[in-house]
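Structural description and commentary
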Amino acid sequence: ASAGLAIICRHFYLSLFILKMKLQSSLSIEEGMINPFKGQYANAKVSGRYVINMLAKRCAEAKGFNDAILLDGDGNITETSSANIFMIHKDTVLTPPPGNIINGVTRKTVSSFLINMGVNVIQQQCSKEDIYRSDGVFITGSATGIVKIRQVDSQKLNNEQKIISELQRRYTDL
């Protein structure tokens, strides 16, 4: 009985986290938090990775944001503390390449959806300017699904992109 209760409580808190992310989707680029994982270690869900991600998330929350964007040692965008990130530029979507991110199942699924929708998906090193100049930003993760981002740092973003709405519909229909 207590195991069932623990599962229900965990599910309840996870649901609250997802609801909070969908209602208040703002990110802070945490320049002091570097994602040091590259190559074979980038795809590993290891405890050291989670410590850095949680510290970055706490720093972002202390500034009033929902989550943090982590950078690599060269100052390129990697991912948020718990999700992959995508940036819309007209009919193209940019996303950081595998190598220093967790190349998750949801990320791969969303990339396939985009390609099937006729959207160009480019995996490349992404800068802060790529986010600030984007036509829209969204994140993907197993726990969050697909979430529109309304703000990064002080920059308000256009999160009413038809691409994002269509991705959310397709993802929900899975």
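Whatever comes next refers back to the structure up there.
The sections below set out a description of the structure shown in this document. (Residues numbered from 1 in each chain as written. Predicted model: local features only at pLDDT ≥ 70, side-chain atom pairs only at ≥ 80, totals over all residues. Heavy atoms only, no water.)

**Brief notes about the environment of D135**
Following the sequence through the fold, D135 ends up in the loop between helix 4 (128–132) and strand 7 (136–141). Using a relative accessible area of 29% as the deciding quantity, one classes D135 as partly exposed. Those residues in contact with D135 that sit more than four places away from it in its chain are I88, H89, K90, N158 and Q161. Polar side-chain contacts of D135 include one of 2.6 Å to the backbone nitrogen of K90. (Helix = DSSP H or I, 4+ residues; strand = E, 2+ residues; numbered from the N terminus. Buried < 20%, exposed > 50% of the residue type's maximum accessible area, 1.4 Å probe, protein only. Contact = heavy atoms within 4.5 Å. Polar contact = N/O pair within 3.5 Å; in protein donor to acceptor, adjacent residues only side chain to side chain.)

**Focus: the nonpolar core**
One finds I69, I77, I85, I131 and V152 to be the most contacted residues of the largest nonpolar core, which totals 17 residues. When residues of this core are traced back to their parent elements, those giving at least two are strand 1 (26–34), strand 2 (67–71), strand 4 (84–89), strand 7 and strand 8 (145–149). Discounting residues that sit within four places of it in the chain, I131 has contacts with I69, I77, I85, M87, V137, V152 and L157. I88, L114, F138 and I164 belong to the second largest nonpolar core, which has 12 residues in total. (Core = buried A, V, L, I, M, F, W, Y, C linked by side-chain atoms within 4.5 Å.)

**Concerning the packing of aromatic side chains**
Across all of its chains, the model carries one aromatic pair by this definition. Arranged with centres 4.9 Å apart and planes meeting at 0 degrees, the rings of F86 and F138 form a pair that is stacked. Taken together, the positions of F86 in strand 4 and F138 in strand 7 put the pair 52 residues apart, joining distant regions of the chain. We note that F86, like F138, is buried. (Phe/Tyr/Trp six-rings, centres within 6.5 Å; stacked < 30°, edge-to-face > 60°.)

**Some thoughts on the environment of I102**
Its location among the elements puts I102 in the loop between strand 5 (92–95) and helix 3 (105–116). Residues I102 and S82 lie 20 residues apart in sequence; the distance between their C-alpha atoms is 9.6 Å.

**Quick notes on the pattern of salt bridges**
Under the defined criterion, the tally for this structure stands at six salt bridges. Across the pair R133 and D130 runs a salt bridge whose closest N-O atoms are separated by 3.9 Å. A residue is classified by how much of its surface remains accessible, and D130, at 12% relative accessible area, is buried. Measuring nitrogen to oxygen at the nearest pair gives 2.8 Å for the salt bridge that ties D173 to R169. For D173, a relative accessible area of 54% gives the class exposed. Shared partners join several salt bridges into a network, and the residues in it are E166, R169, R170 and D173. (Salt bridge = Lys/Arg side-chain N within 4 Å of Asp/Glu carboxyl O.)

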